[in-house]
Amino acid sequence: GENVEQHPSTLSVQEGDSAVIKCTYSDSASNYFPWYKQELGKGPQLIIDIRSNVGEKKDQRIAVTLNKTAKHFSLHITETQPEDSAVYFCAASPHASGGSYIPTFGRGTSLIVHP
Amino acid sequence: EAQVTQNPRYLITVTGKKLTVTCSQNMNHEYMSWYRQDPGLGLRQIYYSMNVEVTDKGDVPEGYKVSRKEKRNFPLILESPSPNQTSLYFCASSSFGSSGNTIYFGEGSWLTVV
């Protein structure tokens, strides 16, 4: 089955700095890579995703990059703000439409942004 | 509003006393799942369901039961809770649609077994 490794487990940055979280996966059949943000006391929520036919995707201050050859993908947050403080989870799964659809999550990264 | 609703949000119970955590989604999703979240271990899948009357074990199914009699509901049953089941539990749902595999999570249920 799929195995997703996520690093670091904790990341502490100053407000305004950039933050990078990295994930690796093992199954070459995986082709959908979402990132979830979990704020304190809440369930995880999707913030950005990328599919295997795309190398990079941006949405304002967040971006995700994918290297399918090396089987790794990363989340980049620029100009961090205190409200970015949360736990971030990466995941890998085959795309929808039946079969082995179940996503595999990384263990999470606790991001702390100091004002 | 699209949501996954789970109850109770907080529960303290005693060892061996059966309990059920309910989960309901209003998005007509085929896929539903239960996860537990423990420090340093991330989200671990307990059980999942691809559709009504179809359930499968996840990574940590021991001590749990589920049922999927209706599409919108997916209750988690702890027949005889033990202290090692003290955890934060999340119900989740998703569609198999072409828009992607976005998973929608509930707000979580904090369970303490004493």
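Quantities reported herein were computed from a predicted structural model and do not represent experimental measurements.

Undergrad: Residues and numbers for the pattern of salt bridges, please.
TA: Residues and elements named next belong to chain B. The final tally for this structure, using the stated rule, is 7 salt bridges over all chains. One salt bridge in this structure joins Glu79 and Lys18, with 4.0 Å as the shortest N-O distance. Here Glu79 is found in the loop between β8 (76-78) and β9 (87-94), whereas its partner Lys18 is found in the loop between β2 (10-13) and β3 (19-25), with 61 residues between them in sequence. Glu79 gets classed as partly exposed once you look at its relative accessible area, which sits at 34%.

Undergrad: Please provide a residue-by-residue account of unusual backbone geometry, values included.
TA: Residue Pro8 of chain A follows His7 of chain A across a cis peptide bond; omega there is -5 degrees. Locating Pro8 of chain A in the fold gives a position in the loop between β1 (4-7) and β2 (10-14). In this model, Asn7 of chain B is joined to Pro8 of chain B through a cis peptide bond whose omega is 0 degrees. Relative to the helices and strands, Pro8 of chain B resides in the loop between β1 (4-7) and β2.

Undergrad: Before we move on, can you summarise the nonpolar core with the specific residues and values?
TA: Trp35, Phe73 and Leu111 of chain A are the most contacted members of the largest nonpolar core, which totals 23 residues. For this core, the secondary-structure elements that each account for two or more residues are β2, β3 (19-25), β4 (32-38), β5 (45-51), β7 (62-67), β8 (72-77), β9 (86-92) and β11 (109-114) of chain A. In terms of nonpolar packing, the next biggest core, distinct from the first, is built from 19 residues, Met27, Ile46, Val60 and Val66 of chain B among them.

Undergrad: So what's going on with the sheet that holds β1 of chain B? Residues and values would help.
TA: Residue and element names in this part refer to chain B. With antiparallel pairing, the 4 strands of this open sheet are ordered in space as β1-β3-β8-β7. Of all the strands in the sheet, the pair left with one neighbour each is β1 and β7 (65-66). Of the pairings in the sheet, the one linking β1 to β3 comprises 4 bridges and is antiparallel in character. Each bridged residue has a counterpart across the sheet, and for Gln6 the counterpart in β3 is Cys23.

Undergrad: Quick rundown of the state of the cysteines? Include the residues and the values.
TA: Scanning the entire structure with this criterion turns up 2 disulfides over all chains. Between the sulfur of Cys23 of chain A and that of Cys90 of chain A lies a disulfide, 2.0 Å long from S to S. The S-S bond linking Cys23 of chain A to Cys90 of chain A shows a torsion near -100 degrees; that makes this disulfide left-handed. Placement of Cys23 of chain A in strand β3 and of Cys90 of chain A in strand β9 is noted, with a sequence separation of 67 residues between them. Classification of Cys90 of chain A by relative accessible area gives buried; the value is 0%. Paired by a disulfide, Cys23 of chain B and Cys91 of chain B hold their sulfur atoms 1.8 Å apart. Between Cys23 of chain B and Cys91 of chain B, the S-S dihedral sits near -75 degrees, and the bridge is therefore left-handed. Pair noted here: Cys23 of chain B is in strand β3 and Cys91 of chain B is in strand β9, with a separation of 68 residues, a long-range link.

Cut-off values and rules
Each chain carries its own residue numbering, running from 1 in the written order of its sequence. Numbering of ligands from 1 and lettering of chains from A proceed in the order in which they are written. In view of the model being predicted, local features appear only for residues whose pLDDT reaches at least 70, and side-chain atom pairs are presented and counted only at 80 or more, with totals across whole chains, interfaces and linings using the full set of residues. Computation of side-chain values: all heavy atoms of the structure, hydrogens and water removed. Salt bridges are identified by distance alone: a Lys or Arg side-chain nitrogen within 4 Å of an Asp or Glu carboxyl oxygen. The secondary structure listing takes helices from DSSP runs of H or I that are at least 4 residues long and strands from runs of E that are at least 2 residues long, numbered from the N terminus. Throughout, exposure labels follow a simple rule: accessible area from a 1.4 Å probe, protein chains only, divided by the maximum for the residue type, with under 20% read as buried, over 50% as exposed, and the rest as partly exposed. Here, the term nonpolar core denotes a set of buried Ala, Val, Leu, Ile, Met, Phe, Trp, Tyr and Cys residues that are joined through side-chain atoms within 4.5 Å. Strands qualify as paired when DSSP identifies two bridges or more between them. When two cysteine sulfur atoms lie within 2.5 Å, the pair is treated as a disulfide.

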